[in-house]
Amino acid sequence: MSGFDDIGAEIFREEASELLQSIEKGLMDLEATPSDTELVNSIFRSMHTIKGSGAMFGFTELSQFVHEFETAFDDLRNGRAEVSKELIGLSLQACDQIGKLMDAVDGTDQDNQRILASLRQLMRPNADGAAVSAPTEETADAEMIGDQAQSTAPTATDAVITTVRFWLGTDALRLGSNPALLIDELRAFGETTVRALDDRIPTLGDLDPSDCLTGWEVEVAADLSDDDIDMVFLFVRDEMELSVEKRSAEPIAPVDTGSDNSELASTAAKPAAEPTPTQPQAAAKQTAGETMRVATERLDELMDRVGELVIAEARLQALTGATSDPAMMSVAEDIQRLVAGLRDATMSMRMVPIGSILGRFRRLMRDLSSSLNKPLDFVTVGEDTELDKTVIELLADPLVHILRNSVDHGLETPEERLAAGKPETGTIELGAKYSGAEVLITVRDDGRGLNPEKIREKAISRGLMTEKDDLSDNEIFRMIFQPGFSTVDKVTELSGRGVGMDVVMRTIGSLRGEIDLASELGKGTTLTLRLPLTLAIIDGMLIDVGGERYTIPLAAVEECVELPALHTVGHGGSSYLNIRGELVPFLRLRHLFEIDGEPPEFQKVVVVSSAGGRVGLVVDRIIGNYQTVIKQLSQFHACLKFFSGATILGDGTVALILDATQLVALGRDAELRARREAAA
């Protein structure tokens, strides 16, 4: 392939992948609402677009497969077949096969034939199994060159005959268009007669063999609408001549194809050659001009530049604070306002609706329900909630693990649910909503729930706790996030090996997120992921410890209090504060970071929270809020588990960003050790 062809093929793959997702979503919506004809038409249009684009960019095998898939599905579109679970299942298999053909996977021909044969048998069970495949270029050209192609003439039983005459642009063949495929699509509407129109072909001396000069007249025994015509000629409409007329089925004298095209128009229907602005074609052109596809790398580069600009603006603010020049202060304020606007606009460009991944899980739920024989309703809520594109991409795998566990371990079998007084069909809800500067993603099921006693026994047998440890149910539930932890006795192909939830915990932690877990035995389980809106720029609290500055993500900060005098002496690893009647463990960051020297007389405590609870961080001084541009730590510093990144301050120095989740976990472990020592 040439460079241009490679680019075109890559663009096709991207757009076809989106169309495949649309088809899958439409198929599963159709399974729920089988009488929705608009859904059928939408699926058909997406198939048609993939087929036409595939042929244009050289994906011949894919185009032929989609053509036959489309032909079988057309029976549903025309009311000759009904929606069934088997049809949806086969159609989803066909979508998987299209994905393989897009990736040029070898050995797909046998699967192609198997799927298409099953579709034809399902749609027309009384047929003899023979089917007309999409024509190749060689056979199609051989069939159609001549005054009359081999085709069945319209019968008198049809009420209306539509005559379509068209001439493609002279460069149509060079651009990859194939008249044979267009005519074959018209054949799908009913019995046809095809004639070649050769009156525009010049003498041999003036003939360019690469020009498309033959026109076609196709009589179809069907009443074709403008939308039907537009669908057939969707990709070549702008560069062709087209006329349409309709007549009753009674035989009439043949029309002279050399006559003026204006005489061919019928008063019974407006020619498709003159589409009105309200037609889908015009609307599509308008929509195409409103959006533009941009490579993710360019957005990442833009975000990096904006981050550097935020740092430079902070330096300007620091310099301005050292002067009393009103003009400079005014300019600095204007720049601060403009940078804030540019930052928000750039971050919004990276925001993607979470519905872009929620949709794909509907297919997963359908397959799991079928394979495990557990009927379920999969409900999605808050699909318009937006997250940073990077977060969305990294979130897919953790959600797959969570949803698999919900179906495999969470939901009971139909017999168990009926015995427990529950509906036979289980429910799994996947929702998303905003909560301040975070997004909460919740997976909820109405299954058997977690058994704290069973988890406790397993944790004791693995040495994760002792029989003397007095842990709450929530603390016991969090044991399932330990590597290799599983309470399932039987290993299945889906789960049971203890691999999955620890990966979920690590992935969510790498996104600076947290996991909350709540469960009630016999009622169900709710797992909530708390994720930041973006990974690029956050609001942080700047603190000072031993002359070094650190940043705490502001979303994790609950409150700030002064360290009581009775706690100012000593350097214990963990102590407790009484905050409004609740004991909160606290960590001395001076001791944790091994900083020498005497602390100031009045220290502060920053109380931070995560899914594991709350902990206080004793600091020397709270400097204030700071716009934090996150920089990833190098591989040499990856072992520093208390830090999630770094930022550059206005004076050019570096401040490390504290990982609140890790610090809370440290405080919880210290508290557990204190309990064990007290019990001993």
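Bear in mind that the values here come from a model prediction, so they are computed numbers and not experimental data. (Residues numbered from 1 in each chain as written. Predicted model: local features only at pLDDT ≥ 70, side-chain atom pairs only at ≥ 80, totals over all residues. Heavy atoms only, no water.)

Turning our eyes to something else, we now look at the nonpolar core. Membership of the largest hydrophobic core comes to 46 residues, with the highest contact counts inside it found for L395, L399 and I441. The leading source of residues in this core is helix α13 (residues 389-410), at seven residues. Once you skip the residues sitting within four places of it in the chain, I441 turns out to touch I354, L387, L395, L399, L430, G431, A432, L527, T528, L529 and L531. (Core = buried A, V, L, I, M, F, W, Y, C linked by side-chain atoms within 4.5 Å. Buried < 20%, exposed > 50% of the residue type's maximum accessible area, 1.4 Å probe, protein only. Helix = DSSP H or I, 4+ residues; strand = E, 2+ residues; numbered from the N terminus. Contact = heavy atoms within 4.5 Å.)

For strand β10 (residues 514-520), the tally of buried residues reaches five of seven residues, placing the bulk of the element in the interior. With seven bridges joining them, β10 and strand β11 (residues 524-532) adopt antiparallel strand pairing. Residue E514 lies in a different strand from β11, and its bridge partner there is R530. (Pairing = 2+ DSSP bridges.)

The next subject is helix α11 (residues 326-349). Two residues of an α-helix separated by three or four positions point the same way, owing to the 3.6 residues in each turn. In this model α11 runs 35 Å from its N-terminal to its C-terminal C-alpha over 24 residues, within 8% of the 34 Å that 1.5 Å per residue would give. For α11, the set of buried residues is A332, V339, R343, T346 and M347. Check the buried side of α11 and you find it contacts α10 (296-321), β5 (351-353), β12 (537-545) and β19 (621-629). (Expected span 1.5 Å × (residues − 1).)

What follows concerns the packing of aromatic side chains. In total, this model carries four aromatic pairs according to the counting rule given. When the centroid spacing of 5.1 Å and the interplanar angle of 35 degrees are considered together, the rings of Y550 and F593 count as tilted. With a gap of 43 residues between them, Y550 in strand β13 (residues 548-553) and F593 in the loop between α18 (589-592) and β17 (604-610) connect regions that are remote in the sequence. A relative accessible area of 18% places F593 in the buried class. (Phe/Tyr/Trp six-rings, centres within 6.5 Å; stacked < 30°, edge-to-face > 60°.)

Mapped onto the elements of the fold, S634 is located in the loop between β19 and β20 (643-648). On the basis of relative accessible area, S634 is assigned to the partly exposed category, the value being 33%. In this structure, the C-alpha to C-alpha distance between S634 and G645, residues 11 residues apart in sequence, is 9.1 Å.

Bringing helix α3 (residues 60-77) into the picture now. Between its first and last C-alpha, α3 extends 25 Å over 18 residues, near the 26 Å set by a 1.5 Å rise per residue. Most of α3 sits out of view: 13 of its 18 residues are buried. The first or second residue beyond α3 is G79, which carries a positive phi of 80 degrees.

The mixed open sheet is built from five strands, whose spatial order is β6-β8-β9-β11-β10. What marks the edges here is a single partner per strand, and that holds for β6 (376-381) and β10. Neighbour-to-neighbour, the strand axes of the sheet open up by a mean angle of 10 degrees, direction not taken into account. Its contacts with the sheet place helix α17 (residues 501-510) against β10 and β11, and it is angled at close to 140 degrees to β10. (Axes fitted to C-alpha atoms, helices over the stretch in contact; angles between N-to-C directions.)

Here we come to the sheet that holds strand β2 (residues 192-197). Pairing is antiparallel across the open sheet formed by four strands, whose spatial order is β2-β3-β1-β4. The open sheet has two edge strands, β2 and β4 (241-248), and neither has a second partner. Averaged over all pairs of adjacent strands, the angle between strand axes in this sheet comes to 15 degrees, irrespective of strand direction. Pairing geometry for strand β1 (residues 160-167) and strand β3 (residues 215-220), over five bridges, is antiparallel. Residue F166 lies in a different strand from β3, and its bridge partner there is W216. Taken strand by strand, helix α7 (residues 179-187) contacts β1, β2 and β3, and its axis lies near 10 degrees from that of β3.

Take the pattern of salt bridges next. Taken as a whole and assessed by the stated rule, the structure comprises 38 salt bridges. Note that E219 and R247 form a salt bridge whose closest N and O atoms lie 3.4 Å from each other. Linking E219 in strand β3 with R247 in strand β4, this pair joins segments that are 28 residues apart in sequence. According to the relative accessible area criterion, E219 is buried, its value standing at 12%. The residue D344 makes a salt bridge to R343 at a minimum N-O spacing of 3.0 Å. Beyond isolated ion pairs, a larger network of salt bridges with shared partners links R165, R195, E217, E219, E245 and R247. (Salt bridge = Lys/Arg side-chain N within 4 Å of Asp/Glu carboxyl O.)

Moving on, we come to the packing of helix α2 (residues 37-56) against α3. Their axes nearest at 9 Å, the elements α2 and α3 cross at an angle of 160 degrees. When the axes of α2 and α3 are compared, the pair comes out roughly antiparallel. Crossing geometry of α2 relative to α3 is assigned as left-handed. Residue-level contacts link V40, N41, I43, F44, M47, H48, I50, K51, G54 and A55 of α2 to L62, S63, V66, H67, F69, E70, F73, D74, L76 and R77 of α3. For the contact of α2 with α3, the residue count by class is 11 nonpolar, five polar and four charged. (Parallel < 35°, antiparallel > 145°, perpendicular 65-115°, else oblique. Left-handed = near helix turned anticlockwise from the far one by under 90°. Nonpolar A, V, L, I, M, F, W, Y, C, P; charged D, E, K, R; others polar.)

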